[in-house]
Amino acid sequence: MPAHDLALLTDAARKAGRIALGHWKRNPQVWDKGVEHGPVTEADLAVNDMLYATLLSARPDYGWLSEETSDTPARLTCERTFIIDPIDGTRAFIAGEETFAHSLAVATHGKITAAVVYLPAMDRLYTASLTAPPLCDGQPIAASTRADLTGADILITKTTLDPSKWPGGVPDIHRSFRASLAYRLCLAAEGRHDGMLTLRDTWEWDIAAGSLIAEKAGAVVTDQRGAALHFNTANAKAAGVLALPPLLHAEALRRLTA
């Protein structure tokens, strides 16, 4: 089943990309959903509508969790659930930047079993499933094997490095950033950066697909307390995300929980 789901998600992600690129850099209509959710564009909604119709027509017994669909408790009774962010990095999309992504995943009993992250403006496709290796554009990828957190290149926001959040001491790292959490996880999976870290409560649709890709690539992926991530939960949030090589993860967790 993960292989069939992965093929379905891959085809759907490429269709999403064609829709998104039809609006990109064309002054799409934008609405503000408020501080917690940020902006949404007509492209987000068009992609969401297509994914909802395409994926649920293929798997009518699956649940549905998407940033752009009103949530209901019905998904909590489903064995498998689609977890979707139609456009992750909407602000980047609005700004005409290339680093927005479509994030598509299937959760089975709370664990991600198939995952696709597609960046249509870059035509870059990341995939993984329980039975398939992590790939970027069909080529195998692997996370960094760096052993020293000091000097590591970590995708992280400036506010995350506030000393009040690090009782064991703020790590001396090189800070990088991308707007899309899904893309940050994939960059960690690909070893282009040594890892990613966010301490904010994080919506499941932002991290579901990328978390499996990073984990399959060799990163240790947990919440900020070191607990395993669970998906299709009632509040649809995780307590932050760490995706780091094993030794860096252990050091970051020690500093966070000292």
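Colleague: Residue-level account of the overall build of the protein, with values.
Modeller: Scanning the protein from N- to C-terminus turns up 6 helices and 14 strands. Projected onto the principal axes, the alpha-carbon positions of the protein cover approximately 50 × 40 × 35 Å. Burial analysis of the protein (258 residues in total) assigns 57% to the buried set. Of the contacts formed within the protein by residues at least 6 apart in sequence, a portion of 61% connects residues at least 24 apart.

Colleague: A description of the sheet that holds strand S14 (residues 237–244) should follow, citing residues and the corresponding values.
Modeller: Taking strand neighbours across the sheet as the criterion, the 5 strands line up as S11-S10-S12-S14-S13 in an open arrangement whose pairing is mixed. Pairing within the sheet leaves two strands with one partner each, and these edge strands are strand S11 (174–176) and strand S13 (220–222). Neighbour to neighbour, the strand axes of the sheet diverge by 20° on average, direction disregarded. By the bridge criterion, 3 bridges tie strand S10 (residues 153–155) to S11 in an arrangement that is parallel. Note on S11: the bridge partner recorded for Asp153 is His174. Against the sheet, helix H4 (residues 181–190) contacts S10, strand S12 (195–203) and S14, and its axis sits at roughly 150° relative to S12.

Colleague: Describe the pattern of salt bridges, naming the residues involved and giving the relevant values.
Modeller: The final tally for this structure, using the stated rule, is 8 salt bridges. With a shortest N-O distance of 2.9 Å, Asp5 and Arg59 are connected by a salt bridge. Linking Asp5 in helix H1 (residues 2–23) with Arg59 in the loop between helix H2 (42–58) and strand S3 (63–66), this pair joins segments that are 54 residues apart in sequence. One salt bridge in this structure joins Arg255 and Glu251, with 2.7 Å as the shortest N-O distance. In this pair, Arg255 and Glu251 both sit in helix H6 (residues 246–257), 4 residues apart, roughly one turn of the helix. Its relative accessible area of 16% is what places Arg255 among the buried residues. One network of salt bridges, with partners in common, ties together Glu251, Arg254 and Arg255.

Colleague: So what's going on with the nonpolar core? Which residues, and what values?
Modeller: Membership of the largest hydrophobic core comes to 41 residues, with the highest contact counts inside it found for Ile112, Val117, Tyr126 and Ile213. Secondary structure elements with two or more residues in this core: strand S5 (101–108), strand S6 (111–119), strand S7 (124–129), H4, S12, helix H5 (204–216) and S14. Among the elements that make up this core, the one with the highest residue count is H4 (8 residues). Not counting residues up to four positions away in its chain, the partners in contact with Tyr126 are Ala115, Val116, Val117, Leu119, Leu135, Cys136, Ile141, Tyr183, Cys186, Leu187, Glu190 and Ile213.

Colleague: Explain the pairing of S7 residue by residue, including any values.
Modeller: In terms of burial, S7 is largely enclosed, as 6 of its 6 residues are buried. With burial as the criterion, each face of S7 is covered, one bearing Arg124, Tyr126 and Ala128 and the other bearing Leu125, Thr127 and Ser129. Hairpin connection of S6 to S7: 4 residues between the antiparallel strands, including Asp123 at a positive phi of 50°. Relative to strand S8 (residues 132–136), S7 runs antiparallel, the two being bridged by 3 bridges. Paired with Ser129 across the strands is Ala132, a residue of S8. Joining the antiparallel neighbours S7 and S8 is a turn of 2 residues.

Colleague: Now, about the sheet that holds S3: what can you tell me, with residues and values included?
Modeller: Either a parallel or an antiparallel arrangement is found when strands of a sheet pair, and the pairing is made through backbone hydrogen bonds. Here 7 strands make up an open sheet; going across it, the order is S3-S4-S5-S6-S7-S8-S9 and the pairing mixed. Each edge of the open sheet carries a strand with a single partner, namely S3 and strand S9 (139–140). By the bridge criterion, 4 bridges tie S3 to strand S4 (residues 80–88) in an arrangement that is parallel. In the strand pairing of S4, Trp64 is matched with Phe82.

Colleague: Mind laying out the packing of aromatic side chains, listing which residues take part and the relevant values?
Modeller: Centre-to-centre distance and the angle between the planes together describe a pair of aromatic rings. Applying the stated rule across the entire model yields 7 aromatic pairs. Note on Trp24 and Phe100: the rings are 5.9 Å apart at their centroids and 55° apart in plane angle, and the pair reads as tilted. Of this pair, Trp24 sits in the loop between H1 and strand S1 (30–32) while Phe100 sits in the loop between helix H3 (90–94) and S5; the two residues are 76 residues apart in sequence, bridging distant segments of the chain. A residue is classified by how much of its surface remains accessible, and Phe100, at 0% relative accessible area, is buried. Ring centres of Trp64 and Phe82 lie 6.2 Å apart, and the angle between their planes is 65°; on these two criteria the pair is classed as edge-to-face. On the criterion of sequence distance, the pair formed by Trp64 in strand S3 and Phe82 in strand S4 is long-range, its members being 18 residues apart. Relative accessible area serves as the criterion here: at 10%, Trp64 is assigned to the buried category. Three or more aromatic residues joined by ring pairs make a cluster, and in this case those are Tyr52, Tyr62, Trp64 and Phe82.

About the thresholds
- Residues numbered from 1 in each chain as written.
- Predicted model: local features only at pLDDT ≥ 70, side-chain atom pairs only at ≥ 80, totals over all residues.
- Heavy atoms only, no water.
- Helix = DSSP H or I, 4+ residues; strand = E, 2+ residues; numbered from the N terminus.
- Buried < 20%, exposed > 50% of the residue type's maximum accessible area, 1.4 Å probe, protein only.
- Contact = heavy atoms within 4.5 Å.
- Pairing = 2+ DSSP bridges.
- Axes fitted to C-alpha atoms, helices over the stretch in contact; angles between N-to-C directions.
- Salt bridge = Lys/Arg side-chain N within 4 Å of Asp/Glu carboxyl O.
- Core = buried A, V, L, I, M, F, W, Y, C linked by side-chain atoms within 4.5 Å.
- Phe/Tyr/Trp six-rings, centres within 6.5 Å; stacked < 30°, edge-to-face > 60°.

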